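Coordinate inspection notes
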Amino acid sequence: MFGSSTNFQYIDWWHEEIDQGKGDHAGTLSSVIPELNLNIGLTDNWNLEMALSGGTRWLDFTGDPTSIHHRDGESVNGLGDTRITLRHLVLNESFGPGERMFIGAGLIIPSKNLLAGDPFALGKLDSAHTHFSLSEGVYKTSVELQYFKRTHSSIFYGSVLRWTTPVTQNEYGFISGSQLDISVMAYLQSKSIFKGMPFLTISGLFRTPDYWNGENAPNSGASILQIGVGEIWKVGNNVVSF
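Source: prediction; values computed, not measured.

What counts as what
Residues numbered from 1 in each chain as written. Predicted model: local features only at pLDDT ≥ 70, side-chain atom pairs only at ≥ 80, totals over all residues. Heavy atoms only, no water. Core = buried A, V, L, I, M, F, W, Y, C linked by side-chain atoms within 4.5 Å. Buried < 20%, exposed > 50% of the residue type's maximum accessible area, 1.4 Å probe, protein only. Helix = DSSP H or I, 4+ residues; strand = E, 2+ residues; numbered from the N terminus. Contact = heavy atoms within 4.5 Å. Pairing = 2+ DSSP bridges. Salt bridge = Lys/Arg side-chain N within 4 Å of Asp/Glu carboxyl O.

Topic: the nonpolar core
Within the largest apolar cluster, 6 residues are counted, these being Phe148, Phe156, Val160, Met185, Tyr187 and Phe199. At the level of elements, β7 (155–166) and β9 (179–188) are the ones that each hand at least two residues to this core. Sequence-distant contacts of Phe199, defined by excluding residues within four places in its chain, comprise Ala186, Tyr187, Gly228, Val229, Gly230, Glu231, Ile232, Ser241 and Phe242.

Set out below in structure tokens:
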């Protein structure tokens, strides 16, 4: 089974003055990141998913054009990470009310579109640098649990938990933090809006700090909560969501 998705992101950012007398820094960071995935059924209870991401990111900077920290129009494009996940179907009720549960484990393979040096150390040396890329350049492993339940009511709900942790630091001395992703979703089966099935998602991301050459990277580590709504449409033998 083939699938695809695209993530659009727009960040309006700002931080206070770094270089004395040159003012605060502000701008936008935009991303368009498509992902292609292939899901192969190995047996009735095992499947293998391979996902490839890529795309482009670009910076618009409104500050000093001679700044070593940011450059207006700076961009990166190409391949991102490749993710390989093996899943086992533990519970499955094909029709009517019931439960479905997957457990899985995977490997994330980085691309070469990464930061080739510690931007914070380079900044202290007054060397030009960048803070964004398409890959963190680190091999990672992941484990996950997916659980869905269909009831006699109009609500079909589920959740996905995934823990991702780095294997080792890369050749430039960077190692990413570990990350926990939690998503809870609910689908309204009895109501059609714009000829589609509406759904609600609540997602949380919790990440430990990154490190450059054994030192804690500034501004790393995060806790993020997101709430979203969308629609699912069946188009022939395909499913489209927005």
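Past the structure itself, the notes keep going.
Things to note about the pairing of strand β3 (residues 46–61)
The pairing of strand β2 (residues 25–41) with β3 spans 13 bridges and is classified as antiparallel. Looking at the pairing, Leu36 lines up with Leu52 of β3. Judged from the 12 bridges that link them, β3 and strand β4 (residues 75–92) form a sheet pairing that is antiparallel. Paired with Ala51 across the bridge in β4 is Arg83.

Details of the sheet that holds strand β12 (residues 215–216)
Taken together, 3 strands build an open sheet; the order of strands is β8-β11-β12 and the sheet is antiparallel. In the strand order of this sheet, the two ends are held by β8 (174–175) and β12, each with one partner. Bridge analysis of strand β11 (residues 211–212) against β12 gives 2 bridges, and the strand direction is antiparallel. In the sheet register, Trp212 faces β12, and the bridge partner there is Glu215.

Concerning the pattern of salt bridges
Applying the stated rule across the entire model yields 9 salt bridges. Between Glu136 and Lys140 there is a salt bridge, with its nearest N and O atoms 2.5 Å apart. Classification of Lys140 as buried rests on a relative accessible area of 10%. A salt bridge links Glu136 to Arg207, with the nearest nitrogen and oxygen atoms 2.5 Å apart. Taken together, the positions of Glu136 in the loop between α1 (119–124) and β6 (140–150) and Arg207 in strand β10 (residues 197–207) put the pair 71 residues apart, joining distant regions of the chain.

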